[in-house]
Amino acid sequence: MRRLPSPKTASRARNTAQGLLDYPHYTRPAEFGGLRVPETLLNGDHSEIRRWRREQQLRKTLANRPDLLEGATLSKEDRKLLDAIRSEAE
């Protein structure tokens, strides 16, 4: 018998493997209960989607677990995004 990690454990491992918390996930329909999926995720531009996801990871990590940012490997683009996010909060 093979024991698989629970979805909760697997998700936590995936999220912290990059040193950041995970970005929000959306599914169909595009609007539910008055909430809409961000337009960036619907436009089909994969580079914009990738950028949006990374920005959301940085936002969530900064808000909930800023200590994780200290050990995370961040690119120049990540640092620029973090600076922009921090300046929004001021």
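J.: Requested: an account of the overall build of the protein chain, with residues and values cited.
T.: Check the secondary structure of the protein chain and you find 5 helices and 2 strands. Helices and strands in the protein chain line up, N terminus first, as α-β-β-α-α-α-α. By residue count, 28% of the 90 residues in the protein chain fall in the buried class. Pairs at least 24 apart in sequence give 52% of the contacts found in the protein chain among residues at least 6 apart. Carbon and sulfur atoms make up 51% of the accessible area of the protein chain, which totals about 7000 Å².

J.: Give me the lowdown on unusual backbone geometry, citing residues and values where you can.
T.: The omega angle of the peptide bond from R28 to P29 is 0 degrees, so this bond is cis rather than trans. Looking at where P29 falls in the secondary structure, it is placed in the loop between α1 (7-17) and β1 (31-32).

J.: Lay out helix α3 (residues 46-64) in plain terms, naming residues and giving numbers.
T.: The periodicity of an α-helix, 3.6 residues per turn, causes residues three or four positions apart to be oriented the same way. With 19 residues, α3 should cover 27 Å at 1.5 Å per step; its first-to-last C-alpha distance of 27 Å lies within 8% of that length. Residues of α3 that are buried: I49, W52, R54, E55, Q56, Q57, L58, T61 and L62. Summarising the contacts, the buried residues of α3 are in contact with α2 (39-42), α4 (67-71) and α5 (76-89).

J.: Describe the side chain of E55, listing the residues and the values that go with them.
T.: Inspection of the secondary structure assignment puts E55 in helix α3. Residue classification places E55 among the buried residues on the basis of a relative accessible area of 16%. In contact with E55, not counting residues within four places along its chain, are L81 and I85.

J.: An account of the packing of aromatic side chains is requested, with residue identities and associated values reported.
T.: Two aromatic rings, taken as a pair, are described by how far apart their centres are and by the angle between their planes. In total, this model carries 1 aromatic pair according to the counting rule given. Ring geometry for Y26 versus W52: centroids 6.2 Å apart, planes at 55 degrees, classification tilted. On the criterion of sequence distance, the pair formed by Y26 in the loop between α1 and β1 and W52 in helix α3 is long-range, its members being 26 residues apart. A relative accessible area of 12% means that W52 is categorised as buried.

Thresholds, definitions, all that
Residues numbered from 1 in each chain as written. Predicted model: local features only at pLDDT ≥ 70, side-chain atom pairs only at ≥ 80, totals over all residues. Heavy atoms only, no water. Helix = DSSP H or I, 4+ residues; strand = E, 2+ residues; numbered from the N terminus. Buried < 20%, exposed > 50% of the residue type's maximum accessible area, 1.4 Å probe, protein only. Contact = heavy atoms within 4.5 Å. Areas by Shrake-Rupley, 256 points an atom, 1.4 Å probe, with all protein chains shown as cover. Expected span 1.5 Å × (residues − 1). Phe/Tyr/Trp six-rings, centres within 6.5 Å; stacked < 30°, edge-to-face > 60°.

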